[in-house]
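Each chain is listed here by its residues.
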Amino acid sequence: MTDAIATFPDPETVLSRLPALVVGHRDAARLSVDGEITSLKFNEAARALTDEAHLVCNLPLITRKLRLNVGQTAASFDLLELFAFVRPARFTLPTIFGLAQSLSLAHPLTSDPIDEVAILGTLARCLLADLSADTYRWHKGVAATAMAMARAGWPWGPVVLGALGPRAERSGGLAAWQGLPEWEDGAPPPPPSDHSVSENEASQRLASLLGDGSEARPAQAQYSRSATHAFHPRTAQNAPNLALAEAGTGTGKTLGYIAPASLWAQKNGGPVWLSTYTKALQRQIDQELARLYPDPKERAAKTVIRKGRENYACLLNVEEAARISFAGAAGTRDAVLMGLVLRWLSHTRDGDMVGGDFPSWLGSYFGRARLGALTDHRGECLYSACAHYRRCFIERVVRKTRRAELVVANHALVMTQAASRKGDPDLPRRLVFDEGHHVFDAADSAFSAHLSGAEGAELRRWLRGRETATKGRARGLSSRVEDLLTDDDVAMGHLRDALEAARLLPGPGWLGRLTTDSPRGPYEQFLGHIRAQIFSRVSDARGPHGLECGTESPSPDLLKAADILARAMTALSQPLTALAKRLIALLDEEADSLDSASRGRLDATARALSLRSDMVRAWGTMLADLKRTPDPAFVDWFALDRMDGREVDAGLYRHWLDPTKPFADTVLEPAHGVLVTSATLLDQRTAMEDEDWSRAETRVGASHLVLPAKRFSLSSPFDYAANTRILVVNDLRKGDVTQLAAAYRALFLAANGGALGLFTAIARLRAVHGKIMGPLEQAGLPLYAQHIDPIETGTLVDMFRAEEQACLLGTDAVRDGVDVPGSSLRLIVFDRVPWPRPTLLHKARRAAFGGALYDDMLTRLKLSQAFGRLVRRAGDRGIFVLLDAQTPSRLLSAFPDGPTPERVGLAKAIDMTRDFFNTAPSPENPER
Ligand code: SF4
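What you are looking at is a predicted structure, and each value in this text was computed from that prediction instead of being measured.

**Student:** Please provide a residue-by-residue account of the overall build of the protein chain, values included.
**Tutor:** Across its full length, the protein chain carries 39 helices and 23 strands. Here the protein chain has a C-alpha radius of gyration of 29 Å; the compact-globule value for 928 residues is 30 Å, and the two agree. Taking the principal axes of the C-alpha coordinates as reference, the protein chain spans close to 75 × 75 × 65 Å. In the protein chain, which comprises 928 residues, the proportion classed as buried is 56%. Taking contacts inside the protein chain between residues at least 6 apart in sequence as the whole, the part at least 24 apart equals 74%. Only carbon and sulfur atoms are counted for the fraction: they give 51% of the accessible area of the protein chain, which is about 38100 Å².

Rendered as structure tokens:
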């Protein structure tokens, strides 16, 4: 290695010969090796980047702006790749500003390319100096990885090795997974006791969490005391103590429930699960837990963030991908991705690739599917037969969860776990559902059944493995369990029958055959009839969006195909069920001889098989129901999913009319205590308080329980009247995108940025973005957009939060995931009233839950949640603008008491915005 390193160039020499390039929204800036800065048009910047290697930041974003493919550029030196290599598992925003912040370097504080281009060299030098320093902390595997990446053509590779110098020899090998610690098993924890948490105890714990001298917050203390209802012993079977708590923004509900929850866990020796809907809140809870356990070691032992298996790196998949990527046949990009993943793997906190310490922007660099293939996203785990079992992140987190006091999870995981492990005594019995207003939607997804092409193909692959000659691991069921069953003829028989029956599921290439009317086998033929039925029944099949139609009066051909497929489903579900039962029997019969690892593997496989046989049986029932009177508990429909006009899936879909029914059966009833909380549980606060609450109870499943819930509501302490304005613009022509874009542009400029633009349709977001990005750039306001920028939504929100003048456009996910305290978010502009989408599923629920009143309730809740983003802490000020002249007055009760919504023309709205923020017009920003 030493000889090889001696041939690598001096980093300073390389940097001094590299021009730098920054691309803004309208133009670019280039710093030549002679130190001259020139402004370039986009076509000139594209030519420069194609002709010559440059120092850049965020190449995928640059190439998108310049309408280039990454492969068309000369080998660029991307600072983000260097950062991910030098400081693995450390956070940075994927911008020049973000890098400067992460490296504690000064930033020009404007997004003008001319200003920013001058600091790229400083950022690179800082990172390379890190590598050469004696204090460098992330040295595990650094040189071996750099060497492998350099051989594959990574431009930074030789420079990094040059910076490392002779120290590179001590850094260990490429196989990062070998350096990970092993987990250790312990005896299963005993069941928790049933000690109650008193109101006084909760108050004292809250006070100690807040610390001496903290400002008194009576509402928070009241919240904490009332929340103890969920931490009393249960008094009857299937009758949990359910508390419903609405707490306006700023009440401090997170610490409010952490106080009694942590007390209960410590007194009783059992876990409390804190479930959220968004990653933003999960992150916030994680931070708040530092008050409970200031010692990081104690915190790591007593709390855990628990996600689904598909979030964590699967070491076996990573090893296989690394072998292929560094074999020489793969391209440079593959090797660069793998190198950066290996660097992260050696230093990650918990192996979470989705929202943990993995750099989320790498997803847009290399494609989400390639990253997804490094996780156990298909449930193909080998458990104890895997060579990495004892170092596996997922196995580690599962064990940690059993011993933790507080488990931070998400609604989807809590629900799917409860459904798949019914009756398991290890399931959590004390739960807090924060963001409780999302329980209905989370249950809707968790308890639905989709007999679609993609689902069928996924099941076939899980059973039979990959059937095409492509690279990567995709071994079927037999390779995962056969070695445990070879002596058992009965089990082997069921396994063979299941694999044979799985041939009836959609095979490789099913989508192409479906769209060319050449289906193969009963499943694909059924999908073909669905497709034909949809096209025959919809009035307009053009357009980019998905299509759907009801299942009533199906054609005779479709019914015949459904009959044939139902028989095929029975032929598949029978051996799956039989095999699952046989595996469970083996656990009993061979209790004396099975080691714990094999027991765990048999148990996990039996559970996975049961889950899939249940799913196949449910499909069979859905098919049979096509010729029967439909069960009123369900809503069935046929759908064709399209993305940008391209067909991607088709199938028969079944959702519960009221998904809180299975939620109550599987999650609430077996629990002993549950707190469901949110800032927006109640739609309205009228004189009929009981009716207001009963609508909220319907949305979270409380109405299905035998014991009534304890309800309490606490208002926000914020002075909305003094600090907010609500404007409804009444002179824009509906459907006129030019007018809409002009309104967004002028309002954003009037607030001088810090604006969030929310849209009810992606097409409108795109159209407005195209029209406003230039003027905003000219005024020095960075503009980011979901569905346009190749950056994951959470990172976009982080970028928006970090720059006070930035603007962000987005749809539902942005509305739900934005938590931006302070002046980075001071204006929210909504394009239209967010009415529910008129789908067949919504039509059925509308009929069942109150007709137009149901529509109004859903819409008000969305408006109220969006408004709630505006003021996150005392001192925040902001304006909420709705650009929909047809906004009915009855919806305006969605907003909190205080500001009176005002209907005004656009010009007046702009004036009011300018006055509110005290901004004055300038040559760059004439609207100010
Ligand atoms: S035990 Fe399973 S998830 Fe873990 S590394 Fe092995 S195959 Fe992957």
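**Student:** For the site of the ligand, give the residues involved together with the corresponding values.
**Tutor:** In the vicinity of the ligand, the residues found are Arg309, Cys314, Leu315, Leu316, Cys381, Leu382, Cys386, Tyr389, Cys392 and Ile394. Partitioning the shell around the ligand into residue classes produces nine nonpolar, no polar and one charged.

**Student:** Describe empty space enclosed by the protein, and please don't skip the residues or the numbers.
**Tutor:** Counted according to the given criterion, the structure contains four cavities of 30 Å³ or more. Roughly 110 Å³ of volume is contained in the largest cavity. Along the wall of the largest cavity there are 15 residues; nearest its centre are Cys314, Cys381, Leu382, Cys386 and Cys392. Residue composition of the lining of the largest cavity, grouped by class: ten nonpolar, one polar and four charged. Looking at the second largest cavity, its volume works out to about 70 Å³.

**Student:** Tell me about the packing of aromatic side chains, and name the residues and values.
**Tutor:** Any aromatic ring pair is given by two values, namely how distant the centres are and how the planes are angled relative to each other. Taken as a whole, this structure holds 20 aromatic pairs when the rule is applied. A centroid spacing of 4.9 Å and a plane angle of 90 degrees characterise the contact between Trp344 and Phe358, whose relative ring orientation is edge-to-face. Of this pair, Trp344 sits in helix H17 (residues 332-347) while Phe358 sits in the loop between H17 and helix H18 (362-366), placing them 14 residues apart in sequence. On the basis of relative accessibility, which here comes to 1%, the residue Trp344 falls in the buried class. Ring plane angle 20 degrees and centroid distance 5.8 Å describe the contact between Trp637 and Tyr653, whose orientation is recorded as stacked. Pair noted here: Trp637 is in strand S13 (residues 634-643) and Tyr653 is in strand S14 (residues 646-656), with a separation of 16 residues, a long-range link. Here Trp637 matches Tyr653 in class, with each residue buried. Linked through ring pairs, Phe718, Tyr720, Phe830, Phe867, Phe880 and Phe895 together constitute an aromatic cluster. Above the ring of Phe85, the side-chain terminus of Arg343 is found at 4.8 Å from the ring centroid. The ring of Trp462 carries the charged tip of Arg612 above its face, separated from the ring centre by 3.9 Å.

**Student:** Summarise the sheet that holds strand S12 (residues 547-550); cite the residues concerned and give the values.
**Tutor:** Ordered by their spatial adjacency, four strands build an open sheet running S11-S14-S13-S12, and the pairing between neighbours is antiparallel. Each edge of the open sheet is held by one strand with a lone partner, namely strand S11 (449-452) and S12. When strand polarity is set aside, the average angle formed by the axes of neighbouring strands in this sheet is 25 degrees. Strand direction decides the pairing type here: S12 and S13, joined by four bridges, are antiparallel. Each bridged residue has a counterpart across the sheet, and for Leu547 the counterpart in S13 is Leu640. Taken strand by strand, helix H29 (residues 596-625) contacts S11 and S14, and its axis lies near 85 degrees from that of S14.

**Student:** Provide a residue-level description of the domain arrangement of the protein chain, including the pertinent values.
**Tutor:** Entries for the protein chain in the domain assignment read domain 1 (11-173 + 316-370), domain 2 (230-312 + 381-445 + 671-714), domain 3 (449-656) and domain 4 (720-918). The centre of domain 1, based on its C-alpha atoms, is set 43 Å off from the matching centre of domain 3.

**Student:** Which residues make up the pairing of strand S21 (residues 827-830), and what are the values?
**Tutor:** As a general feature of sheets, a regular strand has side chains that alternate between the two faces. Because side chains alternate across S21, one face comprises the buried residues Leu827 and Val829, and the other comprises Ile828 and Phe830, equally buried. Pairing geometry for strand S18 (residues 755-758) and S21, over four bridges, is parallel. Following the sheet pairing, Leu758 is matched in S21 by Phe830. Two strands pair when backbone bridges link them, and S21 and strand S22 (residues 878-882) are joined in this way by four bridges, in the parallel orientation. Looking at the pairing, Val829 lines up with Val881 of S22.

**Student:** I'd like a rundown of the packing of helix H24 (residues 477-485) against helix H25 (residues 489-501), residues and numbers included.
**Tutor:** With their axes 10 Å apart at the nearest point, H24 and H25 run at an angle of 170 degrees to one another. Comparing their axes, H25 and H24 come out roughly antiparallel. Residues Leu477, Ser478, Glu482 and Leu485 of H24 touch H25, and the partners they reach there are Ala491, Met492, Leu495 and Leu499. Residues of the contact of H24 with H25, tallied by class, amount to six nonpolar, one polar and one charged.

**Student:** Lay out the environment of Gln220 in plain terms, naming residues and giving numbers.
**Tutor:** Structurally, the position occupied by Gln220 is in helix H12 (residues 218-227). In this structure the C-alpha to C-alpha distance between Gln220 and Phe91, which are 129 residues apart in sequence, comes to 32 Å. Other than its neighbours up to four places away in sequence, Gln220 contacts Leu206, Leu210, Thr251, Gly252, Leu255 and Gly256.

**Student:** Break down unusual backbone geometry for me, with residues and values.
**Tutor:** Non-glycine residue Glu435 carries a positive phi angle of around 50 degrees. Looking at the secondary structure, you find Glu435 in the loop between strand S10 (430-433) and helix H22 (439-446). You will see that His787, though not glycine, has its phi angle at about 70 degrees, which is positive. Within the element layout of this structure, His787 appears in the loop between strand S19 (783-785) and helix H35 (793-802).

**Student:** Could you give an account of helix H21 (residues 411-420), with specific residues and numbers?
**Tutor:** Regarding H21, the residues found buried are His411, Leu413, Val414, Met415, Gln417 and Ala418. Residues of H21 that are buried in the fold lie against strand S7 (272-276), strand S9 (406-410), S10, H22 and helix H30 (660-668).

**Student:** Explain the environment of Glu184 to me, using residue names and the numbers behind them.
**Tutor:** In this fold, Glu184 is placed in the loop between helix H10 (156-164) and helix H11 (199-210). For the pair Glu184 and Arg399, spaced 215 residues apart in sequence, the C-alpha separation works out to 8.5 Å.

**Student:** Kindly report on the environment of Phe849, identifying the contributing residues and their values.
**Tutor:** Residue placement: Phe849 occurs in the loop between helix H37 (840-848) and helix H38 (852-867). Taking relative accessible area as the criterion, Phe849 reaches 26% and is therefore assigned partly exposed. Taking the C-alpha atoms as reference points, Phe849 and Thr698, separated by 151 residues in sequence, lie 9.3 Å from one another. In contact with Phe849, not counting residues within four places along its chain, are Phe440, Leu657, Asp658 and Tyr854.

**Student:** Give me the lowdown on the pattern of salt bridges, citing residues and values where you can.
**Tutor:** Applying the stated criterion across every chain, the model contains 53 salt bridges. For Asp812, the salt bridge is made with Arg815, and the minimal N-O distance between the two is 3.6 Å. Here the residue Asp812 and the residue Arg815 both occupy positions in helix H36 (residues 812-817), the gap between them amounting to three residues, near one helical turn. For the salt bridge of Asp819 with Arg872, the shortest nitrogen-to-oxygen distance reads 2.8 Å. Of this pair, Asp819 sits in the loop between H36 and S21 while Arg872 is found in the loop between H38 and S22, placing the two residues 53 residues apart along the sequence.

**Student:** Talk me through the nonpolar core; I want residue IDs and the actual numbers.
**Tutor:** The nonpolar side chains of a soluble globular protein tend to be buried with one another. Counting 71 residues, the largest nonpolar core has Trp156, Val160 and Leu345 as its most contacted members. The leading source of residues in this core is H17, at eight residues. Here Val160 is in contact with Leu82, Phe85, Leu128, Leu131, Ala146 and Trp154, once residues within four sequence places are set aside.

**Student:** Go over the sheet that holds strand S6 (residues 241-247) with me, naming the residues and quoting the values.
**Tutor:** Strand order across the open sheet formed by seven strands is S8-S9-S7-S10-S15-S6-S16, with parallel pairing between neighbours. Sheet topology places strand S8 (303-305) and strand S16 (710-714) at the edges, where each strand pairs with a single neighbour. The sheet shows a mean angle of 15 degrees between the axes of neighbouring strands, taken without regard to direction. Of the strand pairs in this sheet, S8 and S9 are connected by three bridges, and their pairing is parallel. Paired with Thr303 across the two strands is Leu406, which belongs to S9. Against the sheet, H12 touches S6, strand S15 (673-678) and S16, its axis set at about 170 degrees to S16. Along the sheet, helix H20 (residues 393-403) makes contact with S7, S8 and S9, crossing S8 at roughly 140 degrees.

Basis of the calculations
- Residues numbered from 1 in each chain as written.
- Predicted model: local features only at pLDDT ≥ 70, side-chain atom pairs only at ≥ 80, totals over all residues.
- Heavy atoms only, no water.
- Helix = DSSP H or I, 4+ residues; strand = E, 2+ residues; numbered from the N terminus.
- Rg over C-alpha atoms; globule rule 2.2 N^0.38 Å.
- Buried < 20%, exposed > 50% of the residue type's maximum accessible area, 1.4 Å probe, protein only.
- Contact = heavy atoms within 4.5 Å.
- Areas by Shrake-Rupley, 256 points an atom, 1.4 Å probe, with all protein chains shown as cover.
- Near = heavy atom within 4 Å.
- Nonpolar A, V, L, I, M, F, W, Y, C, P; charged D, E, K, R; others polar.
- 1 Å grid on protein atoms, 1.4 Å probe; cavity = no way out; pocket = protein on both sides within 12 Å on 5 of 7 lines; lining within 4 Å.
- Points joined across faces, edges and corners; volume = space filled by probe spheres on them.
- Phe/Tyr/Trp six-rings, centres within 6.5 Å; stacked < 30°, edge-to-face > 60°.
- Lys NZ or Arg CZ within 6 Å of the ring centre and 35° of its normal.
- Pairing = 2+ DSSP bridges.
- Axes fitted to C-alpha atoms, helices over the stretch in contact; angles between N-to-C directions.
- Domains from an automatic or database assignment.
- Parallel < 35°, antiparallel > 145°, perpendicular 65-115°, else oblique.
- Salt bridge = Lys/Arg side-chain N within 4 Å of Asp/Glu carboxyl O.
- Core = buried A, V, L, I, M, F, W, Y, C linked by side-chain atoms within 4.5 Å.

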